[in-house]
Amino acid sequence: MAATSKSTRSNGNANPVVDDIAERAARIREDLAALGDALAGAGSVQSGVAREAAEHKIDELLKSGEKIVADLSDQYSRAEKRVSTTVRDKPLQSLGIAVAAGFLAAFLMRR
């Protein structure tokens, strides 16, 4: 279409309607290009916001996971100390419980 309008201009027979349509088409192309750039920018902004939200959520999950691990570690340490204290205070009772648990485990594994 641009070749047609150039040839008409060089001949001096310029058609104002064709020139107007060509100008409008060029403006529409420019507007579409600008709109595409704006949409691409908006998409990158939204992806940045989503990435930040995901990173924040991951940080929260990691912190809560670390807290849970620390709590479980504390509970395990306390239970270990209680068992050690009980074994030192009542060694025969602890030995009897261990033997009974062993017989029970052997009995259940045979079936």
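Scroll up for the structure.
Let me sum up the structure you'll find in this document.

Reading the values: the criteria
Here the residue numbering is sequential within each chain, running from 1 through the sequence in written order. This being a predicted model, a pLDDT of at least 70 is required before a residue's local features are given, and a value of 80 or more before pairs of side-chain atoms are given or counted; all residues contribute to the totals for chains, interfaces and linings. As a convention, hydrogens and water are excluded, and side-chain values are obtained from all of the structure's heavy atoms. A helix here means a DSSP run of H or I that spans at least four residues, while a strand means a run of E at least two residues long, and both kinds are numbered starting from the N terminus. Each accessible area is a Shrake-Rupley result for a 1.4 Å probe, and residues are judged covered by the shown protein chains and nothing else. Patches were defined on residues exceeding 30% relative accessible area and lacking a salt bridge, with like-charge contacts within 9 Å and nonpolar side-chain contacts (Val, Leu, Ile, Met, Phe, Trp, Tyr) within 5 Å. Salt bridges are defined as contacts in which a side-chain nitrogen from Lys or Arg sits within 4 Å of a carboxyl oxygen from Asp or Glu. Counting rule applied: Lys, Arg positive; Asp, Glu negative; His and chain ends not counted. The atoms used to mark charge sites are NZ of Lys, CZ of Arg, CG of Asp and CD of Glu. Partly exposed describes any residue whose relative accessible area lies between the buried limit of under 20% and the exposed limit of over 50%, with all areas from a 1.4 Å probe on protein chains only and scaled to the type maximum.

1. Regarding the overall build of the chain
Working step 1: Summing up its helical and strand segments, the chain has three helices and zero strands in all.
Working step 2: Working note: accessible area of the chain is about 9800 Å², and carbon and sulfur atoms make up 63% of it.

2. Points about a negative patch on the surface
Working step 1: Residues E52, E55, D59 and E60 make up a contiguous surface patch of negative charge.
Working step 2: Tracing the backbone through its elements, the reader meets E60 in helix α2 (residues 16-89).

3. Brief notes about the pattern of salt bridges
Working step 1: Under the counting rule described, the total for this entry stands at two salt bridges.
Working step 2: One salt bridge connects D20 with R24, and the closest N-O pair in it is separated by 3.4 Å. Here R24 and D20 lie together in helix α2, a separation of four residues that amounts to about one turn.
Working step 3: Using a relative accessible area of 48% as the deciding quantity, one classes R24 as partly exposed.
Working step 4: The salt bridge partner of K67 is D71, with a shortest N-O separation of 3.3 Å. Remark: D71 and K67 occur in helix α2; sequence separation between them is four residues, near one turn of the helix.
Working step 5: Classification of D71 by relative accessible area gives partly exposed; the value is 35%.

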